Amino acid sequence: MAILASILTRLFNLPAETMPLVTEWQLQFRSWNWIGWIMLLATVLGVLAFLSYRRAGRHVSTLPRYTLAAIRTLFLFLLLSLLLRPVLRFTLEGSVRRAMLVLVDNSQSMVTPEKRLELPDLKRAAIVKGVLDVTKGLDQPAGVEQLKQFESVTRLDLMKAALTNPKLDLLNRLSKDYDLRPFTFGSETMEVSFAPTNGDKNAVKPSADLIGEVLAKKLNADAPVTPLGDAIKAVLGRSRGQPLAGIFILTDGQSNAGANPQAAAEIAKQTNVPLYVYGVGIAKPKDIALASIFSQDICFVDDEVPVTVRVRSTNLAGRNSKVSLKLGDDVVDTKNVDLADDGEQVAALTFTPKKPGNYDLSAIADPQPEEANRTNNIDSKKIRVIDGKIKVLLIEQYPRWEFKYLQALLARDRRVELKTYLAEADPVLATLPNSQYVKQVPAGKVDLIDKYDLVIVGDVDPRTISTNQLNDISDFVNKFGGGLIVMPGRRFGPGAWRGTPMEKLLPIEVDTTRKTVRGTDLTDSNDRPIKLEVTPLGYDSPMLRLSDKSEESKKIWSKLPPIYWDAWVSRAKPGASVLMVDPDPAKSSRSGKMPIVAMQQYGLGQVLYVGTDNTWRWRKNAADRYHATLWGQMVQRLSLPHLLGESKRTQLSADKKKYVTGDKVTIYARLYTETYEPVVEKSVNGVYQSAGRSPVPVTLRPLPEQPGLYRGEFIAPEAGTYSFNVDRDAKEKLIINVDEPRLELGETALDEATLKEIAAITKGGFFREEDLYKLPDSTQLKNERIKSKLEVDLWCSPAYFLLLLAIVTAEWIGRKIVQLR
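Just so it is clear, the structure is predicted and the values come from calculations on it, not from any experiment.

Novice: For the overall build of the protein chain, give the residues involved together with the corresponding values.
Specialist: Helix and strand counts for the protein chain come out as 19 helices and 37 strands. Here the protein chain holds 821 residues, and 47% of them are scored as buried. Put simply, 76% of the contacts in the protein chain that link residues at least 6 apart link residues at least 24 apart. Put simply, the protein chain shows about 40,300 Å² of open surface, and 53% of that area lies on carbon and sulfur atoms.

Given below as structure tokens:
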């Protein structure tokens, strides 16, 4: 048969590999429109052939003469048929072999220690390791000693066993139907390549056994992240246009970076690529993990600082653990926490720093005996303790109720050094010993910049403050990072600042359609209660948080008493953050509800607008509990950027508070001369270094159209605390904290829910060790049978010319037999 197939392919000019796929054939003509003329001409030639044989060889009987005439007519017809260009159309039917992508998790969580204490988890490890029958599931009997060896087996070991276990034979069984393409994923998705033997590009594809062995050897579980969603999208992108049977994924499902796995699964669904997932690990390990530690980044000496620590536990119901809070090396507070079967508990701790400096604030949860992974029992953050005071300048026209309560509150706060300018007060007040009053609003940039961190402007007649003084306040915020709070009142509302330098500082736009007298809004009512509404941005803002728990803070806001006056404005300026609004539809505009509390960045500093002088009403039935908390947070938030700059002429900042090794660090330096003019140089040199290490130079370049502002970049080195400074002011240092990536140490459990979901989205399958042997038989997209057409030009094939030669030869032999020339 092989010889016959070879002969046929040569005769008809067929590709050798197509011969077994031929299921039917059909004769057709390319020049079919000539058929009439060809038939007519063939008939004429046939008649002439018969007449020629009729006259020749009268000694020959009738049958041989007509036979030879018919042979000649056939030859002439076939010769004329060349003009019709006959072709043979073959129908080929075969299968398209799809690819099955094998995607293996190569992240650090694969070697995270875990203790298998439950019998089902021990049996799962024994099954994939080949000690127990792979087809009998978790109901098969097993001895204690037989299973004890698997108490501390890692997920990496289980994955390698799944790839190479001959009893499971996963890759071999898959390779019968599909071409296997293996990938590993972690920090990046890499295809595992197999070099051709001796450089032969036509070498046979590697066997499934070889793929399993090589893949197992390449797995080292060193990637610091698990971007499962990105990995799925990456392999789909690399296989675009190729028929895929699916993706076989081996992972614990703890995706902690990149795209959402469910979103990636939706993309796989659209391309008809099912996900077959082997979930590796223990779904509910006995584990304690510190989810977060929350506290102020900046705090003051001798100030009690609240700290919220969130403790996550699994499979530890009825247990408790002691959470210790450490400032540097000293334990400053402890608290016992009752653990849950699967949930999160909050530990509220406090500490009071005694010395200024930069510290590591750490929370440590005592481990349980059954915990295998204890690296996630600790969490830490960098904090800065300062010994300075917030210098506040309060500018008011008259002693309204809001002023009285706010002045008393700030005067009691030992963190605040308060000075007050009261326009309608007796000037003698400023001359009294240790008076907090000043005779006039500070004049000149130097006095304002060096002496204050925050300016609070109340219900003030604009004529009280000169244009030069207002310009100084603008520069104080814009160029030197000072804070500004503007809180209008009934006598001089926001409209009073229209046309002054203060207007551009405000995060709101003044309503120009309302009638005012000296700024007073004539249509405002002071007898109707107004229940203000906190926006989502407001709830997220630390300034407006009245409790450590966000839900509890929302409840407090909902129960606070109403106010009875707010200033009517048009809308918030583009880019401003609206934190609180008046929900009254009559005061709304096309931009939304009328803003009451809004904040915007203005140059280096920030401006907060508080459009009511009724916050003192929130003291009802609560005294200073919420009013003092709210104002204390607002004052601290607005003043700290200016307070933390030890040298006001050199201001250093970074684009993040904390970095991970390998991150890009961007440094900004705003530099001024002794007279507070922007520095103008082509470049500025800086260095970063840590204790015991050589300084590393960094060059900062000026930013266009931003005089005095320079930017430099470098890659975050190994974990540690680094200081950065520019050469022109070595005393001013920026502290940069670099940590090792710890994403893989957070969630340690198998994320069974996510893996089941992505498998269901794509109509694939989720498998554990007890049913992993079913995976090859569960694949839905088998190799498809497809039909294709192949045309062969018969008129120029060897077979056609051999046929013509055979006919001519037959006539010649016949003529010899009957003795015709």
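Having seen the model, we can carry on.
Novice: Any details on the pattern of salt bridges? Residues and values, ideally.
Specialist: In total, this model carries 27 salt bridges according to the counting rule given. The partner of Lys-756 in a salt bridge is Glu-752, with the nearest N and O atoms 3.1 Å apart. Linking Lys-756 with Glu-752, this pair stays in helix 17 (residues 752-761), spanning four residues, or about one helical turn.

Novice: An account of empty space enclosed by the protein is needed here, citing residue identities and associated values.
Specialist: By the definition in use, this model includes two cavities of 30 Å³ or more. A volume near 70 Å³ is recorded for the second largest cavity.

Novice: Please give an account of the sheet that holds strand 17 (residues 416-422) that cites residues and values.
Specialist: Sheet architecture is open: eight strands sit in the order 17-16-18-19-27-26-25-23, paired in mixed fashion. The open sheet has two edge strands, strand 17 and strand 23 (533-534), and neither has a second partner. Note: strand 16 (residues 390-396) against strand 18 (residues 454-457), four bridges, orientation parallel. Counted as the bridge partner of Val-392 is Leu-454 from strand 18. Relative to strand 17, helix 11 (residues 401-412) is tilted by about 150°, and along the sheet it contacts strand 16, strand 17 and strand 18. Strands strand 18, strand 19 (483-486), strand 26 (594-602) and strand 27 (605-610) of the sheet are contacted by helix 13 (residues 467-478), whose axis makes an angle of about 115° with strand 27.

Novice: A description of unusual backbone geometry should follow, citing residues and the corresponding values.
Specialist: Although it is not a glycine, Asp-169 sits at a positive phi angle of roughly 55°. Assignment of secondary structure puts Asp-169 in the loop between helix 6 (155-164) and helix 7 (170-175). Even without being a glycine, Asn-272 presents a positive backbone phi close to 60°. Within the fold, Asn-272 resides in the loop between helix 10 (261-270) and strand 7 (275-279).

Novice: Residues and numbers for the nonpolar core, please.
Specialist: Val-392, Ile-395, Leu-410, Leu-484, Trp-557 and Leu-608 are the most contacted members of the largest nonpolar core, which has 78 residues in total. When residues of this core are assigned to their parent elements, the largest contribution, eight residues, is made by helix 16 (residues 624-643). Apart from the residues within four sequence positions on either side, Leu-410 is in contact with Val-392, Val-416, Leu-418, Ile-456 and Val-635.

Novice: Describe in detail the environment of Phe-248, supporting the description with residues and values.
Specialist: With respect to the helices and strands, the residue Phe-248 is situated in strand 6 (residues 244-251). What makes Phe-248 buried here is its relative accessible area of 0%. Between the C-alpha atoms of Phe-248 and Leu-174, which are 74 residues apart in sequence, the distance is 9.9 Å. Beyond its immediate sequence surroundings of up to four residues, Phe-248 is in contact with Met-100, Leu-101, Val-102, Leu-103, Leu-170, Leu-174, Tyr-276, Tyr-278 and Leu-775.

Novice: Tell me what's going on with the sheet that holds strand 9 (residues 298-300), and back it up with residues and numbers.
Specialist: Across the sheet, five strands lie side by side as 9-15-14-11-12; this open sheet has mixed pairing. Looking at strand neighbours, the two that pair on one side only are strand 9 and strand 12 (330-338), the edges of this open sheet. Taken pair by pair, the neighbouring strands of this sheet meet at an average axis angle of 30°, ignoring direction. Relative to strand 14 (residues 357-365), strand 11 (residues 320-327) runs antiparallel, the two sharing five bridges. Paired with Leu-327 across the strands is Leu-361, a residue of strand 14. Contacting strand 9 and strand 15 (378-386), helix 16 runs over the sheet at an angle of about 95° to strand 9.

Novice: Break down the side chain of Gln-606 for me, citing the residues and quoting the values.
Specialist: Relative to the helices and strands, Gln-606 is located in strand 27. In this structure the side chain of Gln-606 is engaged in a polar contact, spanning 3.1 Å, whose partner is the side chain of Gln-601.

Novice: Outline the packing of helix 11 against helix 16, listing residues and values.
Specialist: Running from N to C, helix 11 and helix 16 cross one another at 75°; their axes reach a closest spacing of 11 Å. One way to sum up the angle between helix 11 and helix 16 is to call them roughly perpendicular. Packed against helix 11, whose contacting residues are Glu-402, Tyr-405, Leu-406, Leu-409, Leu-410 and Arg-412, the element helix 16 presents Asp-624, His-627, Ala-628, Trp-631 and Val-635 at the interface. Each residue belonging to the contact of helix 11 with helix 16 can be placed in one class, and the counts come to seven nonpolar, one polar and three charged.

Novice: So what's going on with the environment of Leu-652? Which residues, and what values?
Specialist: Within the secondary structure layout, Leu-652 lies in strand 28 (residues 650-654). Separated by 15 residues in the primary sequence, Leu-652 and Ile-667 place their C-alpha atoms 7.2 Å from one another.

Novice: Quick one: what's the story with a nonpolar patch on the surface, residue by residue and with numbers?
Specialist: A cluster of nonpolar residues, Trp-37, Leu-40, Val-44, Val-47, Leu-48 and Leu-51, forms a patch on the protein surface that exposes about 610 Å² of accessible area. Among the structural elements, Leu-40 can be located in helix 2 (residues 35-55). Leu-40 gets classed as partly exposed once you look at its relative accessible area, which sits at 48%.

Novice: Could you give me a rundown of the confidence of the model for the protein chain, with the residues and numbers involved?
Specialist: Residues with a pLDDT of 70 or more make up 89% of the protein chain, whose mean pLDDT is 82. Residue range residues 197-203 is modelled with pLDDT below 50. Its contacts to residues more than four positions away, or to other chains, number three contacts.

Novice: Just give me the short version of the packing of aromatic side chains, but keep the residues and values in it.
Specialist: Summed over the entire model, instances satisfying the criterion amount to seven aromatic pairs. An angle of 25° between the planes, with centres 6.2 Å apart, marks the rings of Trp-401 and Tyr-405 as stacked. Taken together, the residues Trp-401 and Tyr-405, both in helix 11 and four residues apart, mark about one turn of the helix. Here Trp-401 falls in the exposed class, since its relative accessible area comes to 51%. Plain terms: the ring middles of Tyr-688 and Phe-714 are 4.0 Å apart, the flat faces sit at 15° to each other, and that makes the pair stacked. Note that Tyr-688 is positioned in strand 31 (residues 684-689) and Phe-714 in strand 33 (residues 709-715), a separation of 26 residues in sequence. By relative accessible area, Phe-714 is classed as buried at 10%. Ring pairing ties together the aromatic residues Trp-401, Tyr-405 and Trp-616, which thus form one cluster.

Novice: Please set out the pairing of strand 19 residue by residue, giving values where relevant.
Specialist: Here strand 19 shows a buried face lined by Gly-483 and Ile-485 and a second buried face lined by Leu-484 and Val-486. Note: strand 18 against strand 19, four bridges, orientation parallel. Following the sheet pairing, Leu-454 is matched in strand 19 by Gly-483. Considered for its hand, the β-α-β crossover made up of strand 18, helix 13 and strand 19 is right-handed. Two elements, strand 19 and strand 27, share four bridges in a ladder whose sense is parallel.

What counts and how
Residues numbered from 1 in each chain as written. Predicted model: local features only at pLDDT ≥ 70, side-chain atom pairs only at ≥ 80, totals over all residues. Heavy atoms only, no water. Helix = DSSP H or I, 4+ residues; strand = E, 2+ residues; numbered from the N terminus. Buried < 20%, exposed > 50% of the residue type's maximum accessible area, 1.4 Å probe, protein only. Contact = heavy atoms within 4.5 Å. Areas by Shrake-Rupley, 256 points an atom, 1.4 Å probe, with all protein chains shown as cover. Salt bridge = Lys/Arg side-chain N within 4 Å of Asp/Glu carboxyl O. 1 Å grid on protein atoms, 1.4 Å probe; cavity = no way out; pocket = protein on both sides within 12 Å on 5 of 7 lines; lining within 4 Å. Points joined across faces, edges and corners; volume = space filled by probe spheres on them. Pairing = 2+ DSSP bridges. Axes fitted to C-alpha atoms, helices over the stretch in contact; angles between N-to-C directions. Core = buried A, V, L, I, M, F, W, Y, C linked by side-chain atoms within 4.5 Å. Polar contact = N/O pair within 3.5 Å; in protein donor to acceptor, adjacent residues only side chain to side chain. Parallel < 35°, antiparallel > 145°, perpendicular 65-115°, else oblique. Nonpolar A, V, L, I, M, F, W, Y, C, P; charged D, E, K, R; others polar. Patch = residues over 30% accessible without salt bridge, like charges linked within 9 Å, V, L, I, M, F, W, Y side chains within 5 Å. pLDDT = per-residue confidence, 0-100. Phe/Tyr/Trp six-rings, centres within 6.5 Å; stacked < 30°, edge-to-face > 60°. Right-handed = clockwise from strand over helix to strand, strands pointing away.

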